Amino acid sequence: MSEHTRLVAWVRGRVQGVGFRWYTRARALEIGGLSGFALNLEDGRVQVVAEGPREGCQGLLEWLMGDDTPGRVDGVTEIWDTPRGGYDGFAIR
């Protein structure tokens, strides 16, 4: 059985007003097995919280750091933690 984990990522760059949260949700649903949310922060970053199988969270993180995202990603800071649960699917907040 796959280990479940929690990924919290803060994405910097031109990531607001470009559909970044929508595409992040679509990517999380495409990967499958992930729950959480994508949220615009007041300082211009997007916070992404994903819980599920480690390989799924790692795949989402690699996508966030890659060249296939909308806008422009200048950097991603992430932390890994124990899942807390309580999410119904993957939401845009």
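About the cut-offs
Throughout, a residue's number is its position along its own chain's written sequence, starting from 1. Reporting in this predicted model follows two pLDDT cut-offs: at least 70 for local features of residues, and 80 or more for side-chain atom pairs to be given and counted; totals over whole chains, interfaces and linings ignore these cut-offs and use all residues. Just so you know, side-chain values use all the structure's heavy atoms and leave hydrogens and water out. Only one rule defines a salt bridge in this text: a Lys or Arg side-chain nitrogen within 4 Å of an Asp or Glu carboxyl oxygen. Going along the chain from the N terminus, every DSSP run of H or I of four or more residues is numbered as a helix, and every run of E of two or more is numbered as a strand. Type-normalised accessible area, obtained with a 1.4 Å probe on protein chains alone, sets the label of each residue: buried when under 20%, exposed when over 50%, and partly exposed for intermediate values. UniProt positions are given in the numbering used here, feature names are shortened, and annotations may be inferred rather than shown by experiment. In this description, contact between two residues means that some pair of their heavy atoms is separated by no more than 4.5 Å. Polar contacts, as used here, are pairs of N or O atoms within 3.5 Å; protein pairs need one atom able to donate a hydrogen and one able to accept it. Residues neighboring in sequence count only if both atoms are side-chain atoms.

### What about the pattern of salt bridges?
Between side chains of opposite charge, a pair can form as their charged atoms come close.
1) Next: Scanning the entire structure with this criterion turns up 6 salt bridges.
2) Next: The residue Arg6 makes a salt bridge to Glu51 at a minimum N-O spacing of 2.7 Å. Taken together, the positions of Arg6 in strand S1 (residues 4–14) and Glu51 in strand S3 (residues 46–53) put the pair 45 residues apart, joining distant regions of the chain. Each of the two residues, Arg6 as well as Glu51, counts as buried.

### As for the UniProt feature "active site" (unreviewed entry) in the chain
1) Next: In this numbering, the UniProt entry assigns the feature "active site" (unreviewed entry) to Arg21 and Asn40. Spatially, the listed residues are clustered: although they cover 20 residues, their C-alpha atoms lie within 7.8 Å of one another.
2) Next: In contact with Arg21, other than residues within four places in its own chain, are Ala38, Leu39, Asn40, Val46, Ile92 and Arg93.
3) Next: Take Asn40: it is sitting in strand S2 (residues 35–40).
4) Next: Excluding anything up to four places from it in sequence, Asn40 contacts Val15, Gln16, Arg21, Arg45, Val46 and Arg93.
5) Next: Side chain to side chain, Asn40 and Arg21 meet in a polar contact 3.4 Å long.

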